[in-house]
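Observations on the model geometry
Spelled out from the first residue to the last, the chains are:
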Amino acid sequence: MDDTPALRRLRELGVEHTEVRHGPVGSVAEAAAVRGIEVRDLVKTIVVRRGAGDYVFVLVPGDREFSWPKLRTLLGVSRLSMPDAAEAKQVTGYERGTITPFGATHPWPVFADSSIVGRSISMGGGAHGVGVKLQADDAIAALDATVADLTAPSSHAG
């Protein structure tokens, strides 16, 4: 598969990016290494269920984990949950490990951790072994993302 919905959407939006392709990886650290970047510059996209048929994307740097309490406070809700792999694919169009807000089947709201602002980052490109390098600020603008402090240091770095 040469093209993905994510790559097509990035081009449609005119977001400057570089495609990065690599073989299978087993961890965030491994993914960062094959992409030639630091773990903190590898941004994971997490899909979170806010309610029935209501989801949000959370952009989290690889060296941090998102904070459920901070996200609940920001969204003004008492409960959030993580959909299982099948539900995540159904609501985003992407398999777990390839999820990105770019080209997702539904434009769910995007929340980006403030620590990525002003940085050059790498995100998933919508398929296994496909990534994109781009400026976080360009991604935030293109996705109309809300920037907030949403993370805590990872308890299992690496």
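Rules of the game
- Counting restarts for each chain, with residues numbered from 1 along the sequence as it is written.
- Local features in this predicted model are restricted to residues whose pLDDT is 70 or higher, and side-chain atom pairs enter the listing and the counts only when it is 80 or higher, whereas totals over whole chains, interfaces and linings include all residues.
- Hydrogens and water molecules were not included; the side-chain quantities draw on all heavy atoms of the structure.
- By definition, two strands form a pair when at least two bridges between them are found by DSSP.
- The way it works is that DSSP assigns letters per residue, a run of H or I at least four long becomes a helix, a run of E at least two long becomes a strand, and they are numbered from the N terminus.
- What is meant by a nonpolar core is a set of buried Ala, Val, Leu, Ile, Met, Phe, Trp, Tyr and Cys residues, joined one to another through side-chain atoms within 4.5 Å.
- Burial here depends on accessible area, computed with a 1.4 Å probe over protein chains only, as a share of the maximum for the residue type. Under 20% is buried, over 50% is exposed, and the range in between is partly exposed.
- Here, a salt bridge means any Lys or Arg side-chain nitrogen found within 4 Å of an Asp or Glu carboxyl oxygen.
- Only protein atoms enter the calculation, which uses a 1 Å grid: trapped sets of points that fit a 1.4 Å probe without letting it out are cavities, open sets showing protein on both sides within 12 Å along at least five of seven lines are pockets, and any residue with an atom within 4 Å of a point is a lining residue.
- Grid points are joined across faces, edges and corners, and a volume is the space filled by probe spheres set on the points.
- As a working rule, the residues Ala, Val, Leu, Ile, Met, Phe, Trp, Tyr, Cys and Pro are called nonpolar, Asp, Glu, Lys and Arg charged, and the rest polar, with Gly in that last group.

This part covers the pairing of strand β2 (residues 43-51). One face of the sheet, then the other: side chains in a regular strand alternate in exactly this way. With eight bridges connecting them, β2 and strand β3 (residues 54-61) associate as antiparallel partners. Its bridge partner lying in β3, R49 is registered against Y55.

The next subject is the nonpolar core. One finds F102, M123 and L134 to be the most contacted residues of the largest nonpolar core, which totals 30 residues. For this core, the secondary-structure elements that each account for two or more residues are α1 (5-13), β2, β3, α4 (85-92), β5 (110-113), β6 (120-124), β7 (130-135) and α5 (136-143). Per-element tally for this core: the top contributor is α5, with four residues. Formed by 12 residues, the second largest nonpolar core is a distinct cluster that contains V56, L71, F111 and L150.

Here we take up the pattern of salt bridges. Counted by the stated rule, this structure contains nine salt bridges. Among the salt bridges present, the one from R49 reaches E87, with a minimum N-O distance of 2.5 Å. With a gap of 38 residues between them, R49 in strand β2 and E87 in helix α4 connect regions that are remote in the sequence. Under the relative-accessibility criterion, R49 is labelled partly exposed at 22%. Since its relative accessible area comes to 17%, E87 is described here as buried. Here the salt bridges do not stand alone but share partners, grouping D3, R8 and R11 into one network.

With that settled, consider the layout of surface pockets. The rolling of a water-molecule-sized probe over the atoms marks out the regions of remaining empty space. Reported here for the largest pocket is a volume of approximately 640 Å³. Those elements giving two or more residues to the lining of the largest pocket turn out to be α2 (28-34), β2 and β6. At five residues, the largest contribution of residues to the lining of the largest pocket is made by β2. Looking at the lining of the largest pocket, its residues break down into 15 nonpolar, 11 polar and three charged.

This paragraph deals with the pairing of β7. For strand β1 (residues 17-21) and β7, the ladder comprises five bridges, and the chain directions are antiparallel. In the sheet register, V20 faces β7, and the bridge partner there is G131. Bridge count for β6 against β7 is five bridges, and the pairing is antiparallel. Across the sheet, M123 pairs through a bridge with V132, a residue of β7. Counted between consecutive antiparallel strands, the loop separating β6 from β7 contains five residues, among which G126 sits at a positive phi close to 95°.

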